Structures are given as C-alpha cells and as structure tokens.
Amino acid sequence: MSTSSNNSAPLEARSAAAPARRHRGTKVRRQRVKAAWLFLAPMLIALTLVAGWPLMRTFFLSFTDASLSDLGAANLIGFENYLVYENGRWFGVLADPVWWQSVWNTVYFSVVSVSLEVIFGVIVALILNAEFKGRTIVRAAVLIPWAIPTIVSAQMWAWMLNDQFGIINHLLMTVGIIDNPIAWTASATYSMWAVIMVDVWKTIPFVALLVLAALQMLPKDCYEAAEVDGIHPVRVFFKVTLPLITPALMVAVIFRLLDALRVFDVIYVLTSNSTSTMSMSVYARQQLVEFQDVGYGSAASTLLFLIIALATVAYLYLGRNKIQLGGD
C-alpha cells in the first residue's frame, strides 16, 4: 500500500504541474505575439498611409465620374466606368477593345520577358559561379545594367534603336544582316520585341544575382559524388542543381512577374502610347492624364491591381503545391 501511495504522489504532482506549464507557455506566447504586433505597428501604420489610403481612394474614384480638372465635383455612378449597357451598346473599360489589347500586350510581355530573364539569368549565374580569372570584375560588370535607372536605360536604347542615327541599324547593315534601316520602336512588327529586349537586358542581372546566391549555398558533396560516378553535367544540373535552386527561382520570378505586369516606364519611353505595345499601366495613365478622366482611369487602375493580385496568389499557390509535391 505504501509503495502504491508513493508512486501515485509523483503522478498527481505531474498532473497538477502540466496545466501550470501550459498556462505559462500560453502566457509567454501571448507576450511574444503582443511584442511582435508592437514592433510591426509603425510599419503597418506607414504602409496604410502610403499605400492603403491611395488604394482605397482609387477604388472609390472608380465608381465616380471624377475629372482631373475638378475632383471635388465627382458623383457616384456605380459600375458605369467598368461596364454599362446603354442605347444598345456596351460602354466602359471592360467593353473597350484598346483595354483588352493592353491586357494582351501586358500578359505577352510578362510571359516572354520573364521566361527569357530566367533562362539567361540561370546561364549567367552558372558562368559566374565557375572558377576563372577575373571573376570578381565580371560579377561587378554584370550588375551595371541593373544599376542603371530604367528611364535612363530606356532612353539610351531608344537612341540606339533609332532608324535614322541608331547604332543598332548601323551595325546590322555593316555586317549585311539588313539592307535598310528598321524603325524598331515605331513598327508594329518589331516594337514589342524591342521593348522585351531592353527589359531582358536590364533585368537579367537581378535574376542572375538571386540564382548565384542560391548556387553559393549548395553542398559540394553531391557534385563530387556525381563527378566520381561520371554523370554528365547536364543531367546533374536538371536532377540536382535545378531542384535545389527552385526556391530562389520562385522568388526571382514572382518579383519579376510583379514588375512586368505593372510595366510602364520602359514601354512609355520607347513607344509612348502605341497601341501595339500599350500596357495596362500606360492605358490607365492615358485615361488619367491625357484624357483627364479620373473615374475611368481609376477603374482601369483597379482592374490592373486585381489582375496582379490574382496572378500573384495563383503563382504562390501553384508554387507551394509544387514544392510540397517535390518534397513528398
């Protein structure tokens, strides 16, 4: 009996202590959460003032007939800026063929430019990751296009692509590739590819830098084992390197996709308001500034925001599922 009583006492003590430990753990967790919100509060307030208020005001103006000349005289008109049926015809942003052309231009630009940037960025990163003389200088030189402001680089390329005095036409004619100068930024056939080329040239270093950082973190053991086993380097890349750098590639793609979907500066500098290259941002700017229709332009800006948000959520969801399936 005494032995049974002695054994049950520690059990009772431990049972009584368990709720106390859980209570202390819960209290510590609440304190940590409170401290986290306290430190995040200044950033959240600043973000609300800088981004939240303009965004909400844009949403509100998209439901009005506001004009740039007199914002105070705006009246609520509902969804008329988006889509309305009057006198047997559809009106609004969603009924404007120029808007849908700008959507197609933006999607096409985003898919092609980001794909090329990822491919060439990985190639450049693999080259920079190799051991060769002068690697430090080459790494610094590769970052120059990314360091140049977009407006400056776009204007620089606009001069080089000019059909009258541009050096690109001069070089191509010198080597015999073309016979006559090409209006790269004015031609409906070549203007989009000219814009894509300029954007790819500028942003390859960004992707290469992120991929290079991932390559630097890879373990050397697997590569040494693959070399001993005589596995071809191409197979090693697709079976070992690419899966390991996929998280870094996902970060690069999501950042570049966000930039590409809201592209404005490089397209506007090179081709202005040309319909063949007009992006959604250029379309919204044209409505807001040139046509001074703030309500209509705000509706276009709101649709642009929704498209970017949906694309981001879809990409993150698919990417997370892919990583989870790969891990399983």
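Details of the structure are given in the entry above.
All values reported here derive from a predicted model rather than from experimental measurement.

Parameters at a glance
Along each chain, residues carry numbers from 1 onward, in the same order as the chain's sequence is written. At least 70 in pLDDT is required for a residue's local features to be given in this predicted model, at least 80 for side-chain atom pairs to be given and counted, and no such filter applies to totals for whole chains, interfaces and linings, which use all residues. Only hydrogens and water are removed before side-chain values are computed, so all heavy atoms of the structure are retained for them. For the purposes of this entry, the term helix denotes a DSSP run of H or I that reaches at least four residues, the term strand denotes a run of E that reaches at least two, and both are numbered from the N terminus. The classification of residues rests on relative accessible area computed with a 1.4 Å probe and restricted to protein chains. Under 20% of the type maximum is buried, over 50% is exposed, and intermediate values are partly exposed. In short, Shrake-Rupley with a 1.4 Å probe defines the accessible areas, and a residue's cover is counted only from the protein chains shown. Only centres within 6.5 Å qualify two rings of Phe, Tyr or Trp (six-membered ring in Trp) as a pair; their planes then separate them into stacked at under 30 degrees, edge-to-face at over 60, and tilted for everything else. For every element, the axis is a line fit to its C-alpha atoms; helices are fit only across the contacting stretch, and the angle between N-to-C directions ranges from 0 to 180 degrees. Every angle not falling under 35 degrees, over 145, or within 65 to 115 is termed oblique; those three ranges are roughly parallel, roughly antiparallel and roughly perpendicular. A clockwise turn of the near helix away from the far one marks a right-handed crossing, whereas an anticlockwise turn of less than a right angle marks a left-handed crossing. Two residues qualify as a contact provided that any one of their heavy atoms is within 4.5 Å of a heavy atom in the partner residue. Salt bridges, as used here, are contacts in which a Lys or Arg side-chain nitrogen is within 4 Å of a carboxyl oxygen on Asp or Glu. To define a nonpolar core, start from buried Ala, Val, Leu, Ile, Met, Phe, Trp, Tyr and Cys residues and group those joined through side-chain atoms within 4.5 Å. We score Asp and Glu as negative and Lys and Arg as positive, and we do not count His or the chain ends. Think of it as three bins: nonpolar holds Ala, Val, Leu, Ile, Met, Phe, Trp, Tyr, Cys and Pro, charged holds Asp, Glu, Lys and Arg, and polar takes everything else, Gly as well. Throughout, the arc means the angular range of directions from the helix axis out to the C-beta atoms.

Asks: Go over the overall build of the protein with me, naming the residues and quoting the values.
Replies: On a plain count of helices and strands, the protein comes out with twelve helices and two strands. In the protein, the order of α-helices and β-strands from amino to carboxyl end is α-β-β-α-α-α-α-α-α-α-α-α-α-α. Counting every position in the protein, which comprises 328 residues, the buried fraction comes to 32%. For the protein, the computed accessible surface area is about 20,300 Å², with 68% contributed by carbon and sulfur atoms.

Asks: Can you lay out the packing of aromatic side chains for me, pointing to particular residues and giving the numbers?
Replies: Taken as a whole and judged by the stated rule, the model has 14 aromatic pairs. Feature note: the residues Phe63, Phe79 and Tyr82 constitute an aromatic cluster, connected by ring pairs.

Asks: Any details on the packing of helix H5 (residues 150–160) against helix H7 (residues 191–216)? Residues and values, ideally.
Replies: The contact between H5 and H7 brings their axes to 11 Å, and the two run at 135 degrees. One finds that H5 runs oblique with respect to H7. Judged by the sense of rotation from one axis to the other, the crossing of H5 with H7 is right-handed. When H5 is examined against H7, the residues Thr150, Ser153, Met156 and Trp157 are found in contact with a partner set consisting of Met197, Val198, Trp201 and Lys202.

Asks: Which residues make up the environment of histidine 170, and what values do they have?
Replies: Here histidine 170 lies in helix H6 (residues 167–174). Here histidine 170 falls in the exposed class, since its relative accessible area comes to 51%.

Asks: Just give me the short version of the pattern of salt bridges, but keep the residues and values in it.
Replies: Taken as a whole and assessed by the stated rule, the structure comprises six salt bridges. We note a salt bridge from aspartate 199 to arginine 256, for which the minimum N-O separation is 3.0 Å. Here the residue aspartate 199 occupies a position in helix H7, and arginine 256 occupies one in helix H9 (residues 233–261), the gap between them amounting to 57 residues. Overall, aspartate 199 belongs to the buried group, its relative accessible area being 10%. Residue arginine 262 pairs with aspartate 259 through a salt bridge whose shortest N-O separation is 2.8 Å. Given a relative accessible area of 44%, arginine 262 falls into the partly exposed group. Under the relative-accessibility criterion, aspartate 259 is labelled partly exposed at 29%. The network of salt bridges with shared partners includes Glu117, Asp199, Arg256, Asp259 and Arg262.

Asks: If you had to explain the nonpolar core to someone new, which residues and values would you point to?
Replies: By size, the foremost hydrophobic cluster in this structure holds 41 residues, and its most contacted members are Val93, Trp99, Phe109, Val266 and Tyr283. No other element matches the seven residues that H7 contributes to this core. The residues touching valine 93, leaving out its near neighbours within four places in the chain, are Asn81, Tyr82, Trp99, Tyr283, Tyr296, Ala299, Ala300 and Leu303. Formed by 16 residues, the second largest nonpolar core is a distinct cluster that contains Leu128, Val211, Ala214 and Ala252.

Asks: Break down the side chain of aspartate 96 for me, with residues and values.
Replies: Looking at where aspartate 96 falls in the secondary structure, it is placed in the loop between strand S2 (89–91) and helix H2 (97–129). Despite its burial, aspartate 96 pairs with no opposite charge, the nearest such side chain being arginine 89 at 9.1 Å. For aspartate 96, the contacting residues outside a window of four places in its chain are Tyr283 and Tyr296.

Asks: How would you explain the packing of H7 against H9 if you had to name every residue and give the values?
Replies: Relative to each other, H7 and H9 sit at 140 degrees, their axes nearing to 9 Å. Judged by the angle between their axes, H7 and H9 are oblique. For the pair H7 and H9, the crossing hand works out as right-handed. Between H7 and H9, the residues in contact are Asp199, Thr203, Phe206, Val207, Leu210, Val211, Ala214 and Leu215 and Thr241, Ile245, Ala248, Leu249, Val251, Ala252, Phe255 and Arg256, respectively. Per-class residue counts for the contact of H7 with H9 are twelve nonpolar, two polar and two charged.

Asks: Residues and numbers for H5, please.
Replies: Taken as a whole, H5 has its buried residues at Ser153, Ala154, Trp157 and Ala158. The buried residues of H5 all sit within an arc of 140 degrees when viewed along its axis, so they share a single face. Here the buried face of H5 lies against H6, H7 and helix H10 (265–271).

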